[in-house]
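# A structural walkthrough
If you want the building blocks of each chain, they are given just below.
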Amino acid sequence: MLRITAGKLANALRGTVSGTSRVAAVRCLHGTEESAEEFDKRYEKYFSREGIDGWEIRKGMNDLLGMDLVPSPKIIEAGLRAARRVNDIALAIRWLEGCKDKCGDHQATLYPFLLEKISPTLKELGVPTIEELGYDKPELALKSVYDL
Amino acid sequence: MVFFRKWQHRPYTHVAAFHSRPLFATSRSGIVTMALRLINHALRRQLAAQLPRNAQVGSVASVHTLDKIGKREVVGYGWNGTASYADRVDYPLPPIRFREPNNEINALRVKEQGDWKKLSPQEIKALYRASFCQTIAEVQAGTGEWKMHLGIGLLFTSAAIWIAILMNLFVYDELPVTFDEEHQKAQLKRMLDLEVNPITGLSSKWDYENNKWKN
């Protein structure tokens, strides 16, 4: 779960997250509340598991990207490293695209913040950002099936 | 239906004489039932042969789906376990790769196992397009099809306006003489003389004392 650390960012994002209390209780399934840190740790652990394979990485990523939250930088880094372990750079880029898309309306403020936090890992692994690759704009057009 | 037939065509050798059915038919209806029995046996044998011998327990895709995807690698669960490809913004990681493996892609995959910094942007893009059809940006960009719809709509609108102009120029008769200024004034004067709608309508706006419109 995204944790607001910088005060400036907190002001800018007051609309999305208001204070720690709302951020704290992330999951309320089965009656037990899980804090944001526990949630982060759980998914970090999931992606950092030694023998994880592409199937489980994709399941974890799809689940995360289906939840109503932006994955925290720690989780994004863990996902990237997991993709590195299964030798799938396309997966890593798609994961980044998915996380960028989850920023939603607040992409202008959230996405640079996320990038800043994960850029050491990106450089270390050799994963280009979406902008470096040119995939932030459409590259190819898909012909409609009705025009084939 | 199969079980019904099976029950019906069991040879009744243990039953009393007038109920027994001969094993080999001689009458015409008998030949038909025997033919049906043979067809039934043949069908069931064929169906049994089609069943997969060692069906995987808990596999993600049925035999039929795996036939449809060709040689593409199954890599994940996707949205409901079906092995099919779709670019979905709500499930960004599809269950199968987009392209079937070929020599170029396999060579790139070998290179992918090494240091990613050694991959050029073109190679990274090639690897991406091997696994995915469209980028998320492309999915969300839309097709621009609305421009076609707007253009065609405007074409029809302009055609309608042209037709209206030409109809007015060439088809319609002249307006009757009663539409000119003089006649209209006379008609209005007549309506005021008749005190049409005197309470809230036309004549209520006319000042009869001073012979002019009220303010």
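These notes cover the structure that comes with them. Worth saying up front: this structure is predicted, and the values here are computed from it rather than measured.

Moving on: the overall build of chain B. Looking only at helices and strands, one finds 8 helices and 2 strands in chain B. Traced from its N-terminal end to its C-terminal end, chain B shows the element sequence α-α-α-α-α-α-α-α-β-β. The 215 residues of chain B split such that 21% are buried. Partitioning the contacts of chain B with sequence separation of at least 6, the portion at a separation of at least 24 is 31%. With an accessible surface of roughly 16,500 Å², chain B has 61% of that area assigned to carbon and sulfur atoms.

Moving on, we get to the packing of helix H3 (residues 36-48) of chain A against helix H5 (residues 73-85) of chain A. All names here are of chain A. Running from N to C, H3 and H5 point in directions that differ by 10°, and their axes come no closer than 8 Å. Overall, the two elements H3 and H5 adopt an arrangement that is roughly parallel. In contact with Phe39, Asp40, Tyr43, Glu44, Phe47 and Ser48 of H3, H5 contributes Lys74, Ile75, Ala78, Gly79, Ala82 and Arg85. Residues that form the contact of H3 with H5 fall into these classes: 6 nonpolar, 2 polar and 4 charged.

Two numbers describe how helix H6 (residues 89-102) of chain A lies on helix H5 (residues 121-131) of chain B: the axes approach to 8 Å, and their chain directions differ by 80°. Here H6 of chain A is positioned roughly perpendicular relative to H5 of chain B, judged by the angle of their axes. Where H6 of chain A approaches H5 of chain B, its residues Ile89, Ala90, Ile93, Arg94 and Glu97 of chain A are matched on the opposing element by Ile124, Leu127, Tyr128 and Ser131 of chain B.

On to unusual backbone geometry. Trans peptide bonds make up most of the peptide bonds, and negative phi angles are found at most residues other than glycine. For Asn87 of chain A, which is not a glycine, the phi torsion comes out positive at approximately 60°. We note that Asn211 of chain B has phi near 55°; this positive angle belongs to a residue other than glycine. Taking the relative accessible area as the measure of exposure, Asn211 of chain B reaches 56% and is therefore exposed.

Take the nonpolar core next. Of all hydrophobic cores here, the largest spans 49 residues; its most connected members are Phe47, Leu64, Ile76, Leu80, Trp95, Leu96 and Val127 of chain A. When sequence neighbours within four positions are dropped, the list of residues in contact with Ile76 of chain A reads Pro71, Trp95, Leu96, Cys99, Leu114 and Ile118 of chain A.

Summed over all chains, the structure comprises 16 salt bridges over all chains. One salt bridge in this structure joins Arg42 of chain A and Glu34 of chain A, with 2.8 Å as the shortest N-O distance. On the basis of relative accessible area, Glu34 of chain A is assigned to the buried category, the value being 14%. Among the charged side chains, a salt-bridge network with shared partners connects Arg58 and Asp88 of chain A together with Glu73 and Arg97 of chain B.

Our focus in this paragraph is H3 of chain A. Residues and elements named next belong to chain A. If you check H3, its first and last C-alpha atoms are 18 Å apart, about what 13 residues at 1.5 Å a residue would give, namely 18 Å. Every buried residue of H3 is listed here: Ala36, Phe39, Asp40, Tyr43 and Phe47. Burial along H3 is one-sided: seen end-on, the buried residues are contained in an arc of 100°. Turned more than 90 degrees from where H3 packs its buried face, Lys41 and Lys45 sit exposed.

Below, the discussion takes up the interface of chain B and chain A. Contacts between the two partners involve 38 residues from chain B, matched on the other side by 34 residues from chain A. At the boundary of chain B with chain A, total buried surface from both sides reaches about 3,200 Å², with 60% on carbon and sulfur atoms. It is Leu93, Trp116 and Lys125 of chain B that lose the most area in chain B upon contact with chain A, and together they represent 24% of the buried surface on that side. Taken together, chain B and chain A are joined by 4 salt bridges. Across the pair Arg94 of chain A and Asp87 of chain B runs a salt bridge, and its minimum N-O distance is 2.9 Å. Of all the secondary structure elements, the ones that give two or more residues to the side of chain B that touches chain A are H5 and helix H6 (136-141) of chain B. By residue number, the principal contributor to the side of chain B that touches chain A is H5 of chain B, which donates 7 residues. Residues that form the side of chain B that touches chain A fall into these classes: 21 nonpolar, 8 polar and 9 charged.

Summed over all chains, the structure comprises 10 aromatic pairs over all chains. A centroid spacing of 6.5 Å and a plane angle of 45° characterise the contact between Tyr43 of chain A and Phe47 of chain A, whose relative ring orientation is tilted. Within this pair, Tyr43 of chain A and its partner Phe47 of chain A are both found in helix H3, separated by 4 residues, close to a single helical turn. Taking the relative accessible area as the measure of exposure, Tyr43 of chain A reaches 9% and is therefore buried. You can call Phe47 of chain A buried: its relative accessible area is 0%. Summarising the aromatic geometry, the rings of Tyr128 of chain B and Phe132 of chain B are spaced 4.9 Å apart at their centres and angled 45° between planes, so their arrangement reads as tilted. The pair formed by Tyr128 of chain B and Phe132 of chain B is uniform in burial state, with each residue classed as buried. Three or more aromatic residues link up through ring pairs in this structure, and these residues are Phe39, Tyr43, Tyr46, Phe47 and Trp95 of chain A.

Definitions and cut-offs
Residues numbered from 1 in each chain as written. Chains lettered and ligands numbered in written order. Predicted model: local features only at pLDDT ≥ 70, side-chain atom pairs only at ≥ 80, totals over all residues. Heavy atoms only, no water. Helix = DSSP H or I, 4+ residues; strand = E, 2+ residues; numbered from the N terminus. Buried < 20%, exposed > 50% of the residue type's maximum accessible area, 1.4 Å probe, protein only. Contact = heavy atoms within 4.5 Å. Areas by Shrake-Rupley, 256 points an atom, 1.4 Å probe, with all protein chains shown as cover. Axes fitted to C-alpha atoms, helices over the stretch in contact; angles between N-to-C directions. Parallel < 35°, antiparallel > 145°, perpendicular 65-115°, else oblique. Nonpolar A, V, L, I, M, F, W, Y, C, P; charged D, E, K, R; others polar. Core = buried A, V, L, I, M, F, W, Y, C linked by side-chain atoms within 4.5 Å. Salt bridge = Lys/Arg side-chain N within 4 Å of Asp/Glu carboxyl O. Expected span 1.5 Å × (residues − 1). Arc of directions from axis to C-beta. Buried area = accessible area lost by both parts, 1.4 Å probe. Phe/Tyr/Trp six-rings, centres within 6.5 Å; stacked < 30°, edge-to-face > 60°.

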